[in-house]
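Here is how the chains run, residue by residue.
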Amino acid sequence: MVCTVAEPVRDVIYGGNPYMNILFKSLMAATFCWSAGCFAYDGREIAVMVDTADTSSDAVRDAVMVIQRGDQKLIRKMTMQMQKKEEDGGKRHSLITFTEPKDIQDTRFLSKSYGDLEHENDLWVFLPAESLVRRISGGGRKNAFMRSDFSLEDLEYRSVDEDSHRFIAEDRVNDRPVWIIESVPIESRAGETGYGKRVLYVDQEYKSPVKVDYYNKQGRHIKTLMAGAFKNIQGIWTPTKLIMTAESGRGRTLLQYTGVTYNSGLPDEIFEQTSLKR
């Protein structure tokens, strides 16, 4: 309901002064706008909030991945280690090591993001059956990650400046207030991703996406990520359950974190390419 003040009342308050009446109208409009939540949000500012919400220097996550294809299920277990180097230009390193099942045990993926647009991110995979380390090119990042509905690039760090960000609206997801932003790859990075855009629903308290819609370069919605079961771990709101669902209906992948630890002091050496065969 919008409350209004009759013209005669305003005239009594301000003595018929037209300039005071203009000021009165402006103040009333601003008050209504505040109560209605109509702010001019900046998409990039929200993206920065998401990027900086995790204040840790490193993280270790034990995870179970359940890949569903009709009645069939593939179960994989892994350890995911991440390191941030804010003092070194904002570099990000991540190492994923599979522990089960036995046929993929010790398979490792190492990713390095250099924190600027001048350097292409590096990604390597170690295949223990061949005792071989392979570098994965930019195009390979678009491929499915170990037959799941996640792609390799979904699990890599993506810096704020690799996309342009536009605020769309406010809404609610699971009865919680969210900001909706659209993130589109900048021209120099467009060739490295399989997506034309992502639409993120960012929880206003957690400062973390609770839903992400992925679109291909033809503008077709291809899959949706839902993040939930948030826990405050060492002061950081952390989603412990991720579900990626293909719009085709052919696939669904659950990624469940069974243990999360921050700031354990991971050594730099484990994120070196030469350590993948250890």
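Residues numbered from 1 in each chain as written. Predicted model: local features only at pLDDT ≥ 70, side-chain atom pairs only at ≥ 80, totals over all residues. Heavy atoms only, no water.

1. Considerations on the pattern of salt bridges
Counted by the stated rule, this structure contains 21 salt bridges. Ionic pairing is found between Arg-189 and Glu-162, a salt bridge with its closest N-O pair at 3.4 Å. Here Arg-189 is found in the loop between β8 (176-185) and β9 (197-203), whereas its partner Glu-162 is found in the loop between β6 (132-135) and β7 (163-173), with 27 residues between them in sequence. Judged on exposure class, the residue Arg-189 and its partner Glu-162 are both buried. A network of salt bridges, in which partner residues are shared, links Arg-158, Glu-162, Asp-163, Arg-189, Glu-192 and Arg-198. (Salt bridge = Lys/Arg side-chain N within 4 Å of Asp/Glu carboxyl O. Helix = DSSP H or I, 4+ residues; strand = E, 2+ residues; numbered from the N terminus. Buried < 20%, exposed > 50% of the residue type's maximum accessible area, 1.4 Å probe, protein only.)

2. Some remarks on the packing of aromatic side chains
Summed over all chains, the structure comprises six aromatic pairs. Here the aromatic rings of Tyr-206 and Phe-230 are separated by 4.3 Å at their centres, their planes lie at 20°, and the arrangement is stacked. Linking Tyr-206 in the loop between β9 and β10 (209-215) with Phe-230 in strand β11 (residues 221-233), this pair joins segments that are 24 residues apart in sequence. Residue classification places Phe-230 among the buried positions, given a relative accessible area of 15%. Ring geometry for Tyr-206 and Trp-237: centres 4.6 Å apart, planes at 40°, overall tilted. In this pair, Tyr-206 is assigned in the loop between β9 and β10 and Trp-237 in strand β12 (residues 236-246), connecting sequence segments 31 residues apart. The class for Trp-237 is partly exposed, based on a relative accessible area of 31%. (Phe/Tyr/Trp six-rings, centres within 6.5 Å; stacked < 30°, edge-to-face > 60°.)

3. What about the nonpolar core?
Of all hydrophobic cores here, the largest spans 48 residues; its most connected members are Met-78, Phe-98, Phe-109, Phe-145, Phe-150 and Leu-255. With residues near it in sequence (within four places) discarded, Met-78 still touches Arg-61, Asp-62, Ala-63, Met-65, Ile-96, Thr-97, Phe-98, Thr-99 and Leu-255. If you look at the next biggest cluster of nonpolar residues, it comprises nine residues, including Val-60, Leu-266, Phe-271 and Leu-276. (Core = buried A, V, L, I, M, F, W, Y, C linked by side-chain atoms within 4.5 Å. Contact = heavy atoms within 4.5 Å.)

4. Comments concerning the confidence of the model for the protein chain
Across the protein chain, the average pLDDT comes to 86, with 85% of residues at 70 or higher. Across residues 1-14 the pLDDT falls below 50, and counting only partners more than four positions away or on other chains, this stretch makes 14 contacts in the model. (pLDDT = per-residue confidence, 0-100.)

5. Things to note about unusual backbone geometry
In this chain, Glu-100 is followed by Pro-101 through a cis amide linkage whose omega measures 0°. Here Pro-101 lies in the loop between β3 (91-100) and β4 (108-113). Notably, Ser-131 is not glycine yet its phi reads approximately 50°, a positive angle. Locating Ser-131 in the fold gives a position in the loop between β5 (122-127) and β6. Overall, the relative accessible area of 42% leaves Ser-131 in the partly exposed class. Here the phi dihedral of Asn-174 falls at roughly 55°; this positive angle occurs in a residue that is not glycine. Topologically, Asn-174 is positioned in the loop between β7 and β8. By relative accessible area, Asn-174 is classed as exposed at 65%.

6. Some words on the environment of Met-82
Residue position: Met-82 is located in strand β2 (residues 72-85). The spatial distance from the C-alpha of Met-82 to the C-alpha of His-93 is 5.7 Å, given a sequence separation of eleven residues. Not counting the four nearest positions on each side in its chain, Met-82 is found in contact with Asp-54, Ser-56, Ser-57, Asp-58, Ala-59, His-93, Ser-94, Leu-266 and Phe-271.

7. Details of the pairing of β8
Looking down a regular strand, the side chains alternate between one sheet face and the other. For β8, a buried count of seven out of ten residues is recorded, marking the element as mostly surrounded by other parts of the structure. Inspection of the sheet shows β7 paired to β8 by ten bridges, in the antiparallel sense. For Ala-169, the partnering residue across the bridge sits in β8 and is Ile-180. Connecting the antiparallel pair β7 and β8 is a turn made up of two residues, with Asn-174 showing a positive phi of about 55°. The pairing of β8 with β9 spans six bridges and is classified as antiparallel. Residue Ile-181 lies in a different strand from β9, and its bridge partner there is Leu-200. (Pairing = 2+ DSSP bridges.)

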